[in-house]
Amino acid sequence: MSSPNSAAGGESIQPKGALDRYFKISQRGSTLSREIRGGFATFFAMSYIVVLNPLILSGADSAGNELGISRVAAATAFVGGILSIIMGLWAKHPFAIASGLGVNALVAATVATHPGLSWKSMMGLVLLAGVVMVILVLTKFRTAVFNAVPPALKTAIVVGIGFFITLVGLVNAGFVRPGGTPLTLGTNGQLIGWPTLVFVFGLLLTIALLVRNVKGAVLIGILASTVLAVILEATLKIGPNTDTFSGGWQQVVPGKDFSWGLPDLSLIGHVDFNAFSASSLGAVAATLMVFVILLSCFFDAMGTMVGLATEAGTIDKNGQIENVDRVLLVDAAGAVAGGGSAVSSNQIFVESSVGIGEGARTGIAAIVTGALMIVAMFLSPLVRFVPFEAVAPALVCVGFMMIRQITKIDWNDISIAIPAFLTIAFMPFTYSIADGIGAGFVAYVFVQVVMGKARKVHPLMWVVAVMFVVFFSMGLIDGWVGA
């Protein structure tokens, strides 16, 4: 067996300096230029969160208080940037961090539907969920759960994420939308609008570059599509998508309202713990909400981490990830920092897969992405140069790369094939990584019991399966306790 510092052919890889030694650039088969390209690609793929998160958290609480779009944008970029840099510098993985989609929507919906609940109090619950996660990491519980998951289910998580980000790309581009059926091609089965052309152009270009093994294929595809989008908007004045038939840009109008300004970070510390009071949610409902946030963040991040590490080649044949405790601790700190800054829980972003698809293998890429997020804090409309339609092709192509792992699952072993299938299917169909993991875990334990192999199930898998049963039953529980 060759050593970790050996090349595939058996020749020893000699580090090319302190930077190379610290980040293991050569050992992981990368180069500094690849890491920088990967960092830029990840930033372009995830930068939309600086615009989207403020929109999701833009509503007023029961007292009429709003967080403020500009303040949320600045804090989103700042917290995500700092955490991404820490992830890269300390955990040394190419995983960028930002406000997690799904949790922020849950937070916004909870504030909107619960009289007496303020934004400060809601963010206090997010912060508490993060504190619990930090404790679980420090006590090794979170790592133990990760190690208890059967290898086939870990592979299914990777494949499920591949399908999930493919669907995210298609939906973000408007290529797939709600229609007469749950989803349909374009608008009522027809593709309309110039933005769709940008997506198709980007997808075909990226595929062509990948097939020709062109270095920087994913990043070139994003940049070329962005240039085309800016030109089309400047000449045709397409504007935003105002209804299903307008054919405008989905979320970001390319090249609009560019400006410079000092960021407003006054949301840092905008938090309290009054949700447990009788005048707000109350102790029982507030505790249940912390549990829901905790479970969603806990397994969403774990699944994303497994998928990204597998694609980056930083996970060994036994399913172990280097510095996994550090990765999980930074991710857990993301919930604390996100709640404490009123931008919702921050977590490992699945769009980091775009940078990995570009060749990123080390923490340098995450540092580059984090630095660009900090720049975006000052140039908040900068992200409006990159519309969803220009980034979506990268997500689709990276989804293909991740789905190829499906051959590692033994589909003839029905005891693992059924849980693996449900893991893969539930992620895109529920639009949630955590839900897919939950379905697979519960199914795995159930199948083992039915086959008379209950004793072979790791005790932690029993614990997690029960937790997910509770998680999926939260609607019933809310009704019983009057939450």
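Chains are numbered independently. Their residues run from 1 in the order of the written sequence. Local features in this predicted model are restricted to residues whose pLDDT is 70 or higher, and side-chain atom pairs enter the listing and the counts only when it is 80 or higher, whereas totals over whole chains, interfaces and linings include all residues. Think of the side-chain values as coming from all heavy atoms in the structure, minus any hydrogens and water.

Student: Requested: an account of the environment of aspartate 435, with residues and values cited.
Tutor: With respect to the secondary-structure elements, aspartate 435 resides in helix H17 (residues 433–450). Once the C-alpha coordinates of aspartate 435 and threonine 181 are considered, the two residues, 254 residues apart in sequence, prove to be 22 Å apart. Sequence-distant contacts of aspartate 435, defined by excluding residues within four places in its chain, comprise Phe426, Thr430, Phe471 and Phe472. Put simply, DSSP H or I for four residues or longer makes a helix, DSSP E for two residues or longer makes a strand, and each gets a number counted from the N terminus. Two residues form a contact once any of their heavy atoms are found within 4.5 Å.

Student: Can you tell me about the pattern of salt bridges, naming the residues and giving the values?
Tutor: By definition, a salt bridge exists where a carboxyl oxygen of Asp or Glu is found within 4 Å of a side-chain nitrogen of Lys or Arg. Per the stated rule, a full pass over the model turns up 5 salt bridges. For glutamate 322, the salt bridge identified is with lysine 24, shortest N-O distance 2.4 Å. With glutamate 322 in the loop between helix H11 (283–312) and helix H12 (324–340) and lysine 24 in the loop between helix H1 (18–23) and helix H2 (32–46), this pair connects stretches of sequence that are 298 residues apart. Each residue's exposure class comes from its accessible area (1.4 Å probe, protein chains only) as a fraction of the maximum for that residue type: buried when under 20%, exposed when over 50%, partly exposed otherwise. Look at lysine 24 and you get partly exposed, because its relative accessible area is 25%.

Student: Tell me about the side chain of threonine 310, residues and numbers included.
Tutor: Examined against the element boundaries, threonine 310 turns out to sit in helix H11. At a separation of 2.7 Å, a polar atom in the side chain of threonine 310 contacts the main-chain carbonyl oxygen of valine 306. Whenever two N or O atoms come within 3.5 Å, that pair is a polar contact, provided that in protein one can donate a hydrogen and the other can accept it, and provided that, for residues adjacent in sequence, both atoms are side-chain atoms.

Student: Residue-level account of the packing of aromatic side chains, with values.
Tutor: Two aromatic rings, drawn from Phe, Tyr or Trp (for Trp, its six-membered ring), form a pair once their centres lie within 6.5 Å of each other, and the interplanar angle then sorts them: stacked below 30 degrees, edge-to-face above 60, tilted otherwise. Under the counting rule described, the total for this entry stands at 9 aromatic pairs. Look at phenylalanine 40 and phenylalanine 44: their rings are 6.4 Å apart centre to centre, the planes differ by 45°, and that puts the pair in the tilted class. Separated by 4 residues within a single helix, phenylalanine 40 and phenylalanine 44 lie in helix H2, roughly one turn from each other. Seen in terms of ring centroids, phenylalanine 468 and phenylalanine 471 are 6.0 Å apart; in terms of plane orientation they differ by 85°. Their pairing is edge-to-face. Taken together, the residues span about one helical turn, with phenylalanine 468 and phenylalanine 471 both in helix H18 (residues 459–472) at a distance of 3 residues. Since its relative accessible area comes to 0%, phenylalanine 468 is described here as buried. Here, a charge over a ring is recorded when the distance from Lys NZ or Arg CZ to the ring centre is within 6 Å and its angle to the ring normal is within 35 degrees. Here the basic side chain of lysine 92 rests over the ring of tyrosine 22, its NZ or CZ set 3.9 Å away from the ring centre.

Student: I'd like a rundown of the nonpolar core, residues and numbers included.
Tutor: In plain words, nonpolar cores are sets of buried Ala, Val, Leu, Ile, Met, Phe, Trp, Tyr and Cys residues tied together by side-chain atoms within 4.5 Å. In terms of nonpolar packing, the biggest core is built from 122 residues, with Phe299, Met305 and Phe441 touching the most fellow members. Per element, the largest residue contribution to this core is 18 residues, and it comes from H11. Excluding anything up to four places from it in sequence, phenylalanine 299 contacts Val145, Ile433, Ile437, Phe441, Val464 and Phe468. If you look at the next biggest cluster of nonpolar residues, it comprises 9 residues, including Phe175, Val176, Phe199 and Ala392.

Student: Residues and numbers for the confidence of the model for the protein, please.
Tutor: Low-pLDDT portions of the prediction should not be read for the details of their coordinates. What pLDDT expresses is the predictor's confidence in each residue, scored from 0 to 100. Looking at the protein as a whole, the pLDDT averages 85, with 92% of positions reaching at least 70. Of the regions scoring below 50 in pLDDT, residues 1–12 engages in 10 contacts with residues more than four places distant in sequence or in other chains.

Student: Quick rundown of unusual backbone geometry? Include the residues and the values.
Tutor: Of note, lysine 92 is a non-glycine position whose phi angle comes to about 65°, a positive value. Within the secondary structure, lysine 92 sits in the loop between helix H4 (69–91) and strand E1 (97–99). Note on lysine 92: relative accessible area 16%, which makes it buried. Even without being glycine, alanine 342 reaches a positive phi, approximately 65°. Its place among the elements puts alanine 342 in the loop between H12 and strand E4 (346–348).

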